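Given next are the chains, with one letter for each unit.
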Amino acid sequence: MNPMVEFCISNLANGSQEAFEILEQDPNLDVLEYGCLSYCSLCSETLFAIVNGDVVEGDSPDDLVKKIYAYIEENPLF
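Computed from a predicted structure; not experimentally measured.

This part takes up the pairing of strand E3 (residues 47-51). Across the five residues of E3, five count as buried, placing the element largely inside the fold. What you see with E3 is no split at all: Leu47, Ala49 and Val51 on one side and Phe48 and Ile50 on the other are buried throughout. Here strand E1 (residues 4-8) pairs with E3 via two bridges, running antiparallel. Note that in E3 the partner of Glu6 across the bridge is Ile50. Two strands pair when backbone bridges link them, and E3 and strand E4 (residues 54-58) are joined in this way by five bridges, in the antiparallel orientation. Bridge pairing in E4 places Ile50 opposite Val55. Between E3 and E4, which pair antiparallel and follow one another directly, the connecting turn spans two residues, one of which, Asn52, has a positive phi of 50°.

Enumeration according to the criterion identifies one salt bridge in this entry. One salt bridge in this structure joins Asp63 and Lys67, with 3.3 Å as the shortest N-O distance. Linking Asp63 with Lys67, this pair stays in helix H3 (residues 61-74), spanning four residues, or about one helical turn. Classification of Lys67 by relative accessible area gives partly exposed; the value is 36%.

Rules behind the numbers
Residues numbered from 1 in each chain as written. Predicted model: local features only at pLDDT ≥ 70, side-chain atom pairs only at ≥ 80, totals over all residues. Heavy atoms only, no water. Buried < 20%, exposed > 50% of the residue type's maximum accessible area, 1.4 Å probe, protein only. Helix = DSSP H or I, 4+ residues; strand = E, 2+ residues; numbered from the N terminus. Pairing = 2+ DSSP bridges. Salt bridge = Lys/Arg side-chain N within 4 Å of Asp/Glu carboxyl O.

Below is the structure:
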């Protein structure tokens, strides 16, 4: 089972698209996009993704990617 990284399509439009594209290339991740993840206030303020059910935020697409990988490393599935 791979770590799951979920993006809101509105947040992709707000700047996290680059992070999505980078992570999507990793065969060890399941990267998904949804119409809405119901984090509207967060979505309008920052870049974020839901990683294995938890919110991970970043200041830029590169920062978001780094924080997602750090979160996965610190919180293994098994």
